[in-house]
Amino acid sequence: MLLLELKSISKGFGQGSLRTQVLSDVNLAVKAGEFVAIVGYSGAGKTTLISLLAGLLLPDTGEVRMRGKPAGAPRPDRGVVFQNYSLLPWLSVLDNIRLGVKQVFRDFDDARIDDQCNKYISMVNLGHASEKYPSELSGGMRQRVSLARALAMQPSVLLLDEPLSALDALTRTTLQDELARISQAEQTAMVLITNDVDEAILLADRIVPLSAGPQATLGPEFPVGIPRPRDRRVAASHPAHGKLKREIISYLTSTRAAKRDALLAAGVA
């Protein structure tokens, strides 16, 4: 079932000669239960794209649709996990998650709210830290709380804006494995924004590269034909892995070179 769509989306910022067209004619369709990764260079417009999907920004042209209808303003059916943790420092892990659950499930009594929260705290392996405050947690643990909070509101699609980019390599690897496990267990549609092609191949059903900006757009999709569940060591040695990675990187580098040449020809760069 088709869940979330971008239809001919364009978005720019600024006025007159200072205006920058960030995205141009972007089209994307995400099905229920699907994991889609969008990869691109820093500055290409990935965060702008996720903000449009979430309803945090409105497109200049085109339309964002959810289940065939205009998506409109942010709603609980589109959960977001950002690069930063966005936790309230005066609330415990449990209370940070409870705050969102209470807003979405207004008919739940306190016991059911706590059950809902604790289910997802356990899912991200933070049961031992439910009463701790953000200042008492590592960066990786804080991001687990952000993930649990988003999942506890049971969105139809989870939007992940480079959620692991600020973490050290070992923590990032651990959380990649957690995301892979959770996506299979929950069957929630996920859209991951990342600049790590290996991460995209490990996690996604298909990968869509975002061309270099300005006027970035989505390129051809690359299905990931590596069976699930994916062990990272097995996936890395799979015959499809190397070919897929080369093709995606080749597309990205070619679009960046073409954009640089075009800017040079126009006297912009």
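Above this text you will find the structure in question.
Not measured: the values here are computed from a predicted model.

Caption draft 1: Layout of the sheet that holds strand β3 (residues 35–39). Strand order in the open sheet made by the 6 strands is β6-β7-β8-β3-β9-β10, with mixed pairing throughout. Every interior strand has two partners, whereas the edge strands, β6 (78–81) and β10 (222–223), have only one. Here β3 runs beside strand β9 (residues 206–209); their pairing, made up of 4 bridges, is parallel. Note that in β9 the partner of isoleucine 38 across the bridge is valine 208. Each of β3, β6, β7 (157–161) and β8 (189–194) touches helix α1 (residues 46–54); the most contacted strand, β7, lies at about 155° to it. The strands that helix α5 (residues 169–186) touches are β3, β7 and β8; relative to β8, the one it contacts most, it runs at about 155°.

Caption draft 2: Spatial organisation of the packing of helix α2 (residues 93–104) against helix α3 (residues 110–123). The contact between α2 and α3 brings their axes to 9 Å, and the two run at 120°. Looking at the two axes, α2 sits oblique to α3. When the axes of α2 and α3 are compared, the crossing they make is right-handed. Across the interface between the two elements, Val93, Leu94, Ile97, Arg98, Val101 and Lys102 of α2 pack against Ile113, Asp114, Gln116, Cys117, Asn118 and Ile121 of α3. Within the contact of α2 with α3, the residues separate by chemical class into 7 nonpolar, 2 polar and 3 charged.

Caption draft 3: Focus on the packing of aromatic side chains. Scanning the model with the defined rule gives 1 aromatic pair in all. Their ring planes at 15° and their centres at 4.6 Å tell us that phenylalanine 105 and phenylalanine 108 sit as a pair that is stacked. Comparing phenylalanine 105 with phenylalanine 108, the two get one shared label, buried. Over the aromatic face of tyrosine 41 sits the side chain of arginine 256, whose NZ or CZ is 4.1 Å from the ring centroid.

Caption draft 4: Representation of the pattern of salt bridges in the model. Tallying each qualifying case throughout the model produces 18 salt bridges. With a shortest N-O distance of 3.7 Å, aspartate 60 and lysine 11 are connected by a salt bridge. Of this pair, aspartate 60 sits in the loop between α1 and β4 (61–66) while lysine 11 is found in strand β1 (residues 2–13), placing the two residues 49 residues apart along the sequence. Overall, lysine 11 belongs to the buried group, its relative accessible area being 10%. Between aspartate 95 and arginine 98 there is a salt bridge, and its shortest N-O distance comes to 2.1 Å. With aspartate 95 and arginine 98 both in helix α2 and 3 residues apart, the pair spans about one turn of that helix. Judged by its relative accessible area of 26%, aspartate 95 is partly exposed.

Criteria and thresholds
Residues numbered from 1 in each chain as written. Predicted model: local features only at pLDDT ≥ 70, side-chain atom pairs only at ≥ 80, totals over all residues. Heavy atoms only, no water. Pairing = 2+ DSSP bridges. Helix = DSSP H or I, 4+ residues; strand = E, 2+ residues; numbered from the N terminus. Contact = heavy atoms within 4.5 Å. Axes fitted to C-alpha atoms, helices over the stretch in contact; angles between N-to-C directions. Parallel < 35°, antiparallel > 145°, perpendicular 65-115°, else oblique. Left-handed = near helix turned anticlockwise from the far one by under 90°. Nonpolar A, V, L, I, M, F, W, Y, C, P; charged D, E, K, R; others polar. Phe/Tyr/Trp six-rings, centres within 6.5 Å; stacked < 30°, edge-to-face > 60°. Buried < 20%, exposed > 50% of the residue type's maximum accessible area, 1.4 Å probe, protein only. Lys NZ or Arg CZ within 6 Å of the ring centre and 35° of its normal. Salt bridge = Lys/Arg side-chain N within 4 Å of Asp/Glu carboxyl O.

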